[in-house]
Amino acid sequence: FKGERLKGTTIDFSADKRTGALYKSSAEFLSITYPSVDLLKVFEATQPDRARPVVLLGGRGQGKSHLMAALWHAINDPIEATKWLSEWAVRLNRPELQTLKFRTDFCVIAESLHQQRYKFLWDILFDSHPQGQLAKGKWMGKGTSMTSVPSKDLLIEMFEAKPTALLLDEFQTWFDGLTDSPKAKTQSWAFNFIQLLSEIANDRPDLLVFVASIRDNQSQAYQQIHRINPVLVDFQGTQAKHDRQRLLLYRIFENRLNIPGDNVEVIIKPHVDDYVRLSETPPSQHDAKLAEFVEAWPYSPVLMRLLEDQVL
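Just so it is clear, the structure is predicted and the values come from calculations on it, not from any experiment.

**Comments concerning helix H4 (residues 78-91)**
Alright, step 1. With 14 residues, H4 extends 20 Å between its outermost C-alpha atoms, agreeing within 8% with the 20 Å of an ideal straight helix rising 1.5 Å per residue.
Alright, step 2. Directly beyond the C-terminal end of H4, a positive phi value near 55 degrees is found at Asn-93.

**Some points on the sheet that holds strand E5 (residues 231-234)**
Hydrogen bonds along the backbone pair up the strands of a sheet, which may run parallel or antiparallel.
Alright, step 1. Pairing within the open sheet is parallel, and its five strands lie in the order E2-E3-E4-E1-E5. If you trace the sheet from one side to the other, it starts and ends with strand E2 (107-112) and E5, each paired once. Averaged over neighbouring strand pairs, the angle between their axes works out to 15 degrees when direction is ignored.
Alright, step 2. Running over the sheet, helix H2 (residues 37-45) touches strand E1 (54-57) and E5 and is turned about 170 degrees from E5.
Alright, step 3. Most of the contacts of helix H3 (residues 64-76) go to strand E3 (residues 164-169), to which it runs at about 165 degrees, and overall it touches E1, E2, E3 and strand E4 (208-214).

**Examining the pattern of salt bridges**
When the charged atoms of two side chains lie near each other, side chains of opposite charge can form a pair.
Alright, step 1. Evaluated as defined, the whole model comprises twelve salt bridges.
Alright, step 2. A salt bridge links Glu-199 to Lys-152; its shortest N-O distance comes to 3.2 Å. Linking Glu-199 in helix H9 (residues 186-203) with Lys-152 in helix H7 (residues 152-161), this pair joins segments that are 47 residues apart in sequence.
Alright, step 3. Residue class for Lys-152 comes out partly exposed when judged on its relative accessible area of 27%.
Alright, step 4. Its salt-bridge partner being Arg-204, residue Asp-206 comes within 2.9 Å of it at the nearest N-O pair.
Alright, step 5. The exposure class assigned to Asp-206 is partly exposed, which follows from its relative accessible area of 35%.
Alright, step 6. Residue class for Arg-204 comes out partly exposed when judged on its relative accessible area of 30%.
Alright, step 7. Counted as one network, the salt bridges with shared partners bring together Lys-152, Glu-199 and Asp-203.

**Details of the side chain of Gln-195**
Alright, step 1. Following the sequence through the fold, Gln-195 ends up in helix H9.
Alright, step 2. You can call Gln-195 buried: its relative accessible area is 15%.
Alright, step 3. Setting aside residues no more than four positions away along its own chain, Gln-195 makes contact with Gln-224, Arg-227 and Ile-228.

**So, the packing of helix H5 (residues 121-128) against helix H6 (residues 132-140)**
Alright, step 1. Contact geometry of H5 with H6 gives a least axis separation of 6 Å together with a crossing angle of 130 degrees. In terms of orientation, H5 lies oblique with respect to H6. Contacts between H5 and H6 involve Trp-122, Leu-125, Phe-126 and Asp-127 from the former and Gly-132, Gln-133, Ala-135, Lys-136 and Trp-139 from the latter.
Alright, step 2. Partitioned by chemical class, the residues of the contact of H5 with H6 number five nonpolar, two polar and two charged.

**Here's the deal with the pairing of E5**
Alright, step 1. On E5, burial follows the alternation: Val-231 and Val-233 on one face are buried, whereas Leu-232 and Asp-234 on the facing-out side are not.
Alright, step 2. Inspection of the sheet shows E1 paired to E5 by four bridges, in the parallel sense. Among the inter-strand pairings, Val-54 is bridged to a residue of E5, identified as Val-231.

**Quick notes on the nonpolar core**
Alright, step 1. If you look at the biggest cluster of nonpolar residues, it comprises 40 residues, and the most contacted ones within it are Phe-171, Leu-197 and Phe-210.
Alright, step 2. With eight residues, the top contributor of residues to this core is H9.
Alright, step 3. For Leu-197, the residues in contact, after removing those within four places along its chain, are Leu-125, Leu-155, Phe-159, Leu-166, Leu-208 and Phe-210.
Alright, step 4. By size, the runner-up hydrophobic cluster in this structure holds 39 residues, among which are Leu-40, Met-68, Ala-89 and Phe-235.

**Brief notes about a nonpolar patch on the surface**
Alright, step 1. Taken together, the side chains of Tyr-299, Leu-303, Leu-306 and Leu-307 define a hydrophobic patch exposed on the protein surface, amounting to about 300 Å² of accessible area.
Alright, step 2. As for its position among the elements, Tyr-299 is in the loop between helix H13 (286-296) and helix H14 (301-311).

**As for the packing of aromatic side chains**
Alright, step 1. As enumerated under the stated definition, the model contains twelve aromatic pairs in all.
Alright, step 2. Aromatic ring contacts, followed pair by pair, group Phe-120, Trp-122, Phe-126, Trp-139, Trp-189 and Phe-193 into a single cluster.
Alright, step 3. Positioned over the ring face of Trp-88 is Arg-91, at 4.3 Å from the centre of the ring.

**Quick notes on the confidence of the model for the protein**
Alright, step 1. The pLDDT averaged across the protein works out to 82; a share of 88% of its residues lies at or above 70.
Alright, step 2. Taken element by element, the protein is modelled with least confidence in helix H10 (residues 220-225), mean pLDDT 71, and with most confidence in H7, mean pLDDT 95.
Alright, step 3. Here residues 1-11 is modelled with pLDDT under 50, and outside its nearest four sequence neighbours on either side it reaches 32 contacts, counting other chains as well.

What counts and what doesn't
Residues numbered from 1 in each chain as written. Predicted model: local features only at pLDDT ≥ 70, side-chain atom pairs only at ≥ 80, totals over all residues. Heavy atoms only, no water. Helix = DSSP H or I, 4+ residues; strand = E, 2+ residues; numbered from the N terminus. Expected span 1.5 Å × (residues − 1). Pairing = 2+ DSSP bridges. Axes fitted to C-alpha atoms, helices over the stretch in contact; angles between N-to-C directions. Contact = heavy atoms within 4.5 Å. Salt bridge = Lys/Arg side-chain N within 4 Å of Asp/Glu carboxyl O. Buried < 20%, exposed > 50% of the residue type's maximum accessible area, 1.4 Å probe, protein only. Parallel < 35°, antiparallel > 145°, perpendicular 65-115°, else oblique. Nonpolar A, V, L, I, M, F, W, Y, C, P; charged D, E, K, R; others polar. Core = buried A, V, L, I, M, F, W, Y, C linked by side-chain atoms within 4.5 Å. Patch = residues over 30% accessible without salt bridge, like charges linked within 9 Å, V, L, I, M, F, W, Y side chains within 5 Å. Areas by Shrake-Rupley, 256 points an atom, 1.4 Å probe, with all protein chains shown as cover. Phe/Tyr/Trp six-rings, centres within 6.5 Å; stacked < 30°, edge-to-face > 60°. Lys NZ or Arg CZ within 6 Å of the ring centre and 35° of its normal. pLDDT = per-residue confidence, 0-100.

As C-alpha cells, then:
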C-alpha cells in the first residue's frame, strides 16, 4: 500500500498558500477525493438551472471543508471534474454519475470564515468579484442615503456582470462571534445579507450558487440560513459515516480498491469468527458483520467507529 496520500491535504481556502487546498491543481486535488453521497448531493444541487442555496451540516472533522474545496475545483475546472467523475463512474459501475453537469464561466469565491479575515460578508464579494470594487463604489457613493447593507439590486447587477459561486466555510463559527451594539448592528446586518444571498440563489440560480457550512441545527446561524428552504446535506447520517470510511481508506491507500474482497475475507475470517463469538453476535448477522470487516480492511470497523464517535 502507498501511504503518502494524506501529506499536504489540509483544507485551507487561502489560494496564495502552498498548503492551501485551492493552490493545488484540480487534477491533484480531485485525485484524493472520493465521490461520496454527500459530495454527489452537492454536485447535483449546484448543477446549472438548479435553484436553492445549499447548507452543509456537521461537526468538525467530518469532511465539509474538503467537500467545499472539491466544489471549488469542479466549478473552476469543469473539464477536469467531468473527467474525474467519468473515471469513478466506471470504477464504481455507476454510469449515472456521468449525467452530472458542472457550472461553467462562474467566478468562484471561497472563504474560511473562522480565520476572521472579514468583518462583513459583503467585503468578501467586493474584494474578490471582478466587479466588486465598482459595486462597492456605487454603494458607498450614495452618501447619506447609503444603506446599512448592500441592496439586492446592487448584488444582482454585480452577479449579472459575472455569475458567482460563493462558498462560506465555518459560517456558524463566524456568525456566533457577531454582536449588535447601538452603533453597529453587525449580527442583524449579517442576518439581512444572508437573506438577500439566499433569495438570489433561490430566484436566480443562473447568477448565484450559495453554499455555507454550519456545525449544528440549534444555532441562530442555522435558523437564519434555513429560512429559504435550502438543500440540506447532513454529514451525521449513517450513509455519510459509511462514505467517510471509504474516503479515508482511499486517501490513505491509493490502491485499496484494487484488492478483491474475496482475498480479504480469507485473511480476516478467523478474526471475525472470534469477534462474533466473543460479542455474541446472532448467527443471522454473521455475514453482514463479515462484510463490514472486509470493507474496513486493513483497519477494523471498531477503530473506525472509535475515530468517528470519540475522536472527531
